[in-house]
Amino acid sequence: MAWVAGAPAQDRPVECNPPTSDCLLEQARMAAEGLGRQLQKDEAHFAIAAALARLGRLDEANEEKLQISNPITQAEVEGEIVRAAARAGEFDSALEIALGIGDVRNRSAMVLALEALAVEQAAQGEIDDAFDTVIAINNPFRRTQAQAAIAVSVAETGDIPKAIRTAARIGMDYWFAAGENPNKIASGLVARTGEFDHYWFYDALAQIAELQAKGGDILSAMQTAHAIPDQVGRGHALSRIAAVQAQQGQIDAALESARRIDAAYGDQMAMIAISDGMAAVGDHDAALELALSIRKTYGDGAALTALAVRYARAEEFEQGLQTLAMIDVLADLNQARAAVAMEFARAGQLMEALDLAAEIPDRNERFEAVEAMVVMLAAAGDPTSAMELAEAFAASSDLDELTMAIALALGQQGDISGALDTIGGVEDEMFRAIALAGLAESAG
């Protein structure tokens, strides 16, 4: 795609003036009709149906999903419709759709949709209904995980006592309720539910303690953490509290919280956060010393990655690269390369960003790193640099996918005109359809 004076040349301008959601969706359908492979058609119609759902046009979304032939893709779009209906407060219809989803894997669209619906119900104060909703999840582990999400949803409303009471219900309502819910499904794992129930109960309390700490109530957070009888679960809660304190610059308090963790290796997350907190307040020497200790003790390069990013964000790139070179686990190193490359791009050093991303050996991870950079630049109001980076990195379909990502980022920032100009350069009909559908959401 050619660029003139910082703007994209529209090879195929979008014929929508004004750019209403109806017009953009129609243009998306026209693009979808030009696709030959059914897999690509399914992806395009998924984007259109999801956009309709998020726009609150649920009946139209249900009609659009019929254009999808792959049952897994159709189940996923039904999950999007359930989420949209739940956000609109249409809980009964959301539940009806969720129960009809055919994909019943443990991490299936059905399970995820039921959990999302229950979380929204809990946020609206309908806690009993939320627990009834997740009864339809037939795997006990996933069901109790959803129940934990209900408790955390209540905590996020600010009612911590109610959240703790809600957490105490995890695993109890299903097998010991006086009545039988018509959605109840028997499972061969019933005999082992105890271990699962406890795990997610402790996890819910740990997340509640973290929310208390974020709200500044450290004393209550500590009380919640110490109420967890399991050593590992209690360690998770204390680690979350310490991480919050470190993020707030309270390094000494974070270290004291971490010292309370008595589970073996339970302080790993806390110590990583503390190292980053030290760097954030300018104590780079202490941060490096701790990060190297974490690498030695846990074989984890996350603290070194965080320190390298701190250097890069301050445009001290040489120190950042030197720190990055100390990471000896390939997976951690690739994450660090992507994170530091992002800071190069943020500072306008695009070729340096690409050079560092090029050191990531896995093609998919390399593409994801560049995609994150172009989206960041577009969202920051610099689509010219975003396209420059995309064109320097990619060709053919990869370039179309990156261009689509730039257009969607512009639309989300309210730059509808810029997004339309960018979509004009997308040649691939699938990516064009997805971009137009996403822009329809932004156009409202």
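Structure shown above.
Residues numbered from 1 in each chain as written. Predicted model: local features only at pLDDT ≥ 70, side-chain atom pairs only at ≥ 80, totals over all residues. Heavy atoms only, no water.

Visitor: How do you make sense of the overall build of the protein chain when you look at a structure like this?
Guide: Scanning the protein chain from N- to C-terminus turns up 25 helices and 2 strands. Here the protein chain has a C-alpha radius of gyration of 25 Å; the compact-globule value for 444 residues is 22 Å, and the two agree. Over its C-alpha atoms, taken along the principal directions, the protein chain stretches across nearly 65 × 60 × 35 Å. For the protein chain, the proportion of contacts with a sequence separation of at least 24, taken over those separated by at least 6, is 58%. Carbon and sulfur atoms form 49% of the exposed surface of the protein chain, whose accessible area is close to 19,700 Å². A gap of 5 Å separates the mean positions of the 32 positive and 68 negative side-chain charges of the protein chain. (Helix = DSSP H or I, 4+ residues; strand = E, 2+ residues; numbered from the N terminus. Rg over C-alpha atoms; globule rule 2.2 N^0.38 Å. Contact = heavy atoms within 4.5 Å. Areas by Shrake-Rupley, 256 points an atom, 1.4 Å probe, with all protein chains shown as cover. Lys, Arg positive; Asp, Glu negative; His and termini not counted. Charge placed at Lys NZ, Arg CZ, Asp CG, Glu CD.)

Visitor: When you look at the packing of helix α7 (residues 127–134) against helix α8 (residues 140–156) in this model, what are you seeing that I'm missing?
Guide: Packed helices, taken two at a time, are described by the angle between their axes plus the distance between the axes. Where α7 meets α8, the closest approach of the two axes is 9 Å, and the angle between their N-to-C directions is 160°. The angle between α7 and α8 falls in the class roughly antiparallel. For the pair α7 and α8, the sense of crossing is right-handed. Here α7 contributes Ile-127, Ala-130, Phe-131 and Val-134 to the contact with α8, which in turn contributes Arg-143, Ala-146, Gln-147, Ile-150 and Val-154. Looking at the contact of α7 with α8 residue by residue, the class counts come to 7 nonpolar, 1 polar and 1 charged. (Axes fitted to C-alpha atoms, helices over the stretch in contact; angles between N-to-C directions. Parallel < 35°, antiparallel > 145°, perpendicular 65-115°, else oblique. Left-handed = near helix turned anticlockwise from the far one by under 90°. Nonpolar A, V, L, I, M, F, W, Y, C, P; charged D, E, K, R; others polar.)

Visitor: Help me understand the environment of Thr-73 in this model?
Guide: Summarising the element assignment, Thr-73 is placed in helix α4 (residues 71–87). The sequence separation of Thr-73 and Met-351 amounts to 278 residues, and the corresponding C-alpha distance is 38 Å. If near-sequence neighbours (up to four positions away) are discounted, Thr-73 is found in contact with Asp-42, Phe-46 and Ile-68.

Visitor: Explanation requested: a negative patch on the surface in the structure shown.
Guide: On the surface, Asp-92, Glu-96, Glu-126, Asp-129 and Asp-132 cluster together into a patch of negative charge. Mapped by element, the contributors of at least two residues to the negative patch are α5 (91–99) and α7. On the secondary structure map, Asp-132 appears in helix α7. On the accessibility criterion, Asp-132 (33% relative accessible area) is partly exposed. (Patch = residues over 30% accessible without salt bridge, like charges linked within 9 Å, V, L, I, M, F, W, Y side chains within 5 Å. Salt bridge = Lys/Arg side-chain N within 4 Å of Asp/Glu carboxyl O. Buried < 20%, exposed > 50% of the residue type's maximum accessible area, 1.4 Å probe, protein only.)

Visitor: How should the nonpolar core be read in this particular structure?
Guide: Soluble globular proteins tend to bury their nonpolar side chains together. Ranked by internal contacts, the top residues of the largest apolar core, which has 141 residues, are Leu-24, Ile-274, Val-340, Met-373, Val-374 and Ile-406. It is helix α25 (residues 429–443) that provides the largest number of residues to this core, a total of 9 residues. Residue contacts for Val-340: discarding those within four places in its chain leaves Ala-308, Val-309, Ala-312, Leu-321, Leu-324 and Leu-356. In this structure, Phe-46, Ala-49, Ile-68 and Val-77 belong to the second largest nonpolar core, which totals 5 residues. (Core = buried A, V, L, I, M, F, W, Y, C linked by side-chain atoms within 4.5 Å.)

Visitor: I would appreciate a short explanation of the packing of aromatic side chains in the present structure.
Guide: Each pair of aromatic rings is reported with the distance of its centres and the angle of its planes. Under the defined criterion, the tally for this structure stands at 7 aromatic pairs. Taken together, a centroid distance of 5.8 Å and an interplanar angle of 75° make the contact between Tyr-265 and Tyr-298 edge-to-face. You can see Tyr-265 sitting in the loop between α14 (251–259) and α15 (268–280) and its partner Tyr-298 sitting in helix α16 (residues 284–298), a full 33 residues away along the chain. With a centroid separation of 4.1 Å and an interplanar angle of 15°, the aromatic rings of Phe-317 and Phe-344 are classed as stacked. (Phe/Tyr/Trp six-rings, centres within 6.5 Å; stacked < 30°, edge-to-face > 60°.)

Visitor: What exactly am I supposed to notice about unusual backbone geometry here?
Guide: It is generally the case that most residues other than glycine have a negative phi and that most peptide bonds are trans. Note that the residue after Asn-17, namely Pro-18, is joined by a cis bond; omega there is 5°. With respect to the helices and strands, Pro-18 occurs in the loop between β2 (7–8) and α1 (21–33). One non-glycine residue, Tyr-265, lies in the positive phi region at around 60°. Judged by relative accessible area, Tyr-265 falls into the exposed class, the value being 60%. Phi at Glu-315 is positive, roughly 60°, even though this residue is not glycine. In this structure Glu-315 comes out as exposed when scored by relative accessible area, which is 54%.

Visitor: Sorry if this is basic, but what is going on with the side chain of Ser-257 here?
Guide: Topologically, Ser-257 is positioned in helix α14. Sequence-distant contacts of Ser-257, defined by excluding residues within four places in its chain, comprise Met-222, Leu-238, Ile-241, Ala-242 and Gln-245.

Visitor: Help me out: how do you make sense of helix α18 (residues 317–324) in this one?
Guide: Taken as a whole, α18 has its buried residues at Phe-317, Gly-320, Thr-323 and Leu-324. Viewed end-on, α18 has its buried residues packed into an arc of 120°, placing them on one side of the element. (Arc of directions from axis to C-beta.)

Visitor: Just to check I follow, could you spell out the pattern of salt bridges for this structure?
Guide: Side chains that carry opposite charge are capable of pairing whenever their charged atoms lie near each other. As enumerated under the stated definition, the model contains 19 salt bridges in all. Between Glu-80 and Arg-54 there is a salt bridge, with the nearest N and O atoms lying 3.0 Å from each other. In this pair, Glu-80 is assigned in helix α4 and Arg-54 in helix α2 (residues 38–54), connecting sequence segments 26 residues apart. You can call Glu-80 buried: its relative accessible area is 16%. Under the relative-accessibility criterion, Arg-54 is labelled partly exposed at 39%. A salt bridge links Glu-441 to Arg-54, with the nearest nitrogen and oxygen atoms 3.0 Å apart. Here Glu-441, found in helix α25, pairs with Arg-54, found in helix α2; they are 387 residues apart in sequence, far enough to count as distant. A single network of salt bridges, built from pairs that share partners, joins Asp-22, Arg-57 and Glu-60.

Visitor: It is not clear to me how the layout of surface pockets should be interpreted in this structure. Could you clarify?
Guide: To locate leftover empty space, one rolls a probe as large as a water molecule over the atoms. Roughly 280 Å³ of volume is contained in the largest pocket. Contributing to the lining of the largest pocket are 15 residues, with Arg-54, Leu-408, Ile-434, Gly-438 and Glu-441 lying nearest its centre. Elements with a minimum of two residues in the lining of the largest pocket: α2, α23 (396–412) and α25. The dominant element in the lining of the largest pocket, judged by the number of residues it contributes, is α25, at 6 residues. Considered class by class, the residues forming the lining of the largest pocket number 8 nonpolar, 4 polar and 3 charged. (1 Å grid on protein atoms, 1.4 Å probe; cavity = no way out; pocket = protein on both sides within 12 Å on 5 of 7 lines; lining within 4 Å. Points joined across faces, edges and corners; volume = space filled by probe spheres on them.)

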